[in-house]
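Given next are the chains, with one letter for each unit.
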Amino acid sequence: MERRSFVKGAGMAGVLAAATAPAIVHAQANIRWRMASSFPKQLDTIYGGGEVFARKVSELSGGKFQISVHAAGELMPAFEVVDGVQKATVEIAHTVPYYFFGKDETFAIGAAIPFGLNSRQMTAWTFQGNGLKLMREFYRNYNIINFPGGNTGAQMAGWYRKEIKSIADIKGLKFRIGGFAGRVIERMGGVPQNLPGGELYSALEKGTIDAAEWVGPYDDLKLGFHKVAQYYYYPGWWEGGPQVDFYLNTKAYEGLSPEYKAIVEAASAFTHVDMQAKYDVLNPGALKQLVAAKTRLMRFPNDVMAQAFKESMELYRELSAKNPNWKKVYEDYATFRRDQNLWFRFAEFGFDEFMQKQRF
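What you are looking at is a predicted structure, and each value in this text was computed from that prediction instead of being measured.

Thresholds, definitions, all that
Residues numbered from 1 in each chain as written. Predicted model: local features only at pLDDT ≥ 70, side-chain atom pairs only at ≥ 80, totals over all residues. Heavy atoms only, no water. Helix = DSSP H or I, 4+ residues; strand = E, 2+ residues; numbered from the N terminus. Buried < 20%, exposed > 50% of the residue type's maximum accessible area, 1.4 Å probe, protein only. Pairing = 2+ DSSP bridges. Axes fitted to C-alpha atoms, helices over the stretch in contact; angles between N-to-C directions. Contact = heavy atoms within 4.5 Å.

S.K.: What am I meant to see in the environment of Gly224 here?
M.R.: Structurally, the position occupied by Gly224 is in the loop between helix H9 (217-223) and strand E9 (231-234). Taking the relative accessible area as the measure of exposure, Gly224 reaches 5% and is therefore buried. In this structure, the C-alpha to C-alpha distance between Gly224 and Leu200, residues 24 residues apart in sequence, is 9.9 Å.

S.K.: In this structure, what is going on with the sheet that holds strand E3 (residues 92-95)? I would like to understand it.
M.R.: Note on sheets: strands pair through backbone hydrogen bonds, and any given pair is parallel or antiparallel. Taken in spatial order, the 5 strands line up as E2-E1-E3-E10-E4 in an open sheet, and their pairing is mixed. On the outer flanks of this sheet lie strand E2 (65-70) and strand E4 (144-151), each paired with one strand and no other. On average, each strand axis in the sheet is inclined to that of its neighbour by 25 degrees, with strand direction left out of account. Sheet analysis places E3 next to strand E10 (residues 243-249), joined by 4 bridges and oriented antiparallel. If you follow Ile92 over to E10, its bridge partner there is Leu248. Each of E4 and E10 touches helix H6 (residues 131-139); the most contacted strand, E4, lies at about 135 degrees to it.

S.K.: Just checking my understanding: could you explain the pairing of E10 for this structure?
M.R.: Consecutive residues of a regular strand have side chains that alternate between opposite faces of the sheet. The buried fraction of E10 is high, at 7 of 7 residues. Of the two faces of E10, the one holding Gln243, Asp245, Tyr247 and Asn249 and the one holding Val244, Phe246 and Leu248 are both buried throughout. Pairing geometry for E4 and E10, over 6 bridges, is antiparallel. Directly across from Asn151, in E10, lies its bridge partner Gln243.

S.K.: How should I be thinking about the sheet that holds strand E6 (residues 174-176) in this particular structure?
M.R.: In space, the 6 strands of this open sheet follow the order E7-E6-E8-E5-E9-E11, with mixed pairing throughout. The strands lining the two open edges of the sheet, one partner per strand, are strand E7 (191-193) and strand E11 (296-299). Looking at chain direction, strand E5 (residues 158-160) and strand E8 (residues 211-212) are connected through 2 bridges and run antiparallel. Within the sheet, the bridge partner assigned to Trp159 lies in E8 and is Ala212.

Interpretation note: all reported values are geometric properties and have no functional meaning in isolation.
Here's what the structure looks like:
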């Protein structure tokens, strides 16, 4: 499937498919799939993306294509869904690719890497750049075909039991940080912990960890982190635009009819847009509630940001020297990032910078 055909069709795919669904699917077989999510059920935003996708697939197929969605731990642990799809234990998973950097660091580029692309840039690289093509070539090694399945937008930097005044406060910090970014925290002297979302509150409450990041105000408020940690830092420099993906077992996907493949494509595009829209609507009100609850909203000190950037760029150079998969994808990604930052510096940043100083 060509990435540009994906995008051209995505904008009107839901409307067209809905208008023609009865004629298209009349002769199609009934199919039932299971989806393993990496997220806890109480998060209606990110876990809910799997439900949005399943519902849209059902609607567009006239009820003939059904997908049951299972939260992390129901069918398999949160960080084993790649194995589940690869081995065809389930047909599909909904997850964040950077969780699986331990298999190959290249997984992380499919979601977010420190000081990477923001959400709009990530969508552009995926659909109109070489992102979808390059990541699909990589995922063939794992018997997977991927479809974008959401983005949270830029994330917060998480909850801390003590104030971070300088780079010295990162030393020895037991920090739950999702996936690949832990490599950078480790280089800064921290101790990364890769825990599923459902385990974070108790670990932070008990002091098993000193800090934890998840997504942003809406999810963080639901999980209650403000009750067990006082300091809420930003920006999440490791997640400027983290993309969530649907991973489909290649054989299961290839077994679909052309019509059902088109439905999967349309439903994933709908879910991708829907998730970020929800976060953008829900985060402002949640942030107000957190501040009202005496959360201390803090910006990372400049020396923390500078050291994190330095360590990230050095890590990428090291990976390019030893991991050919990483080198191939990252070189394209980095070129795209450079050109996007040049453009965003003028129109986007110029507008945003002015607007942030205004009072309405």
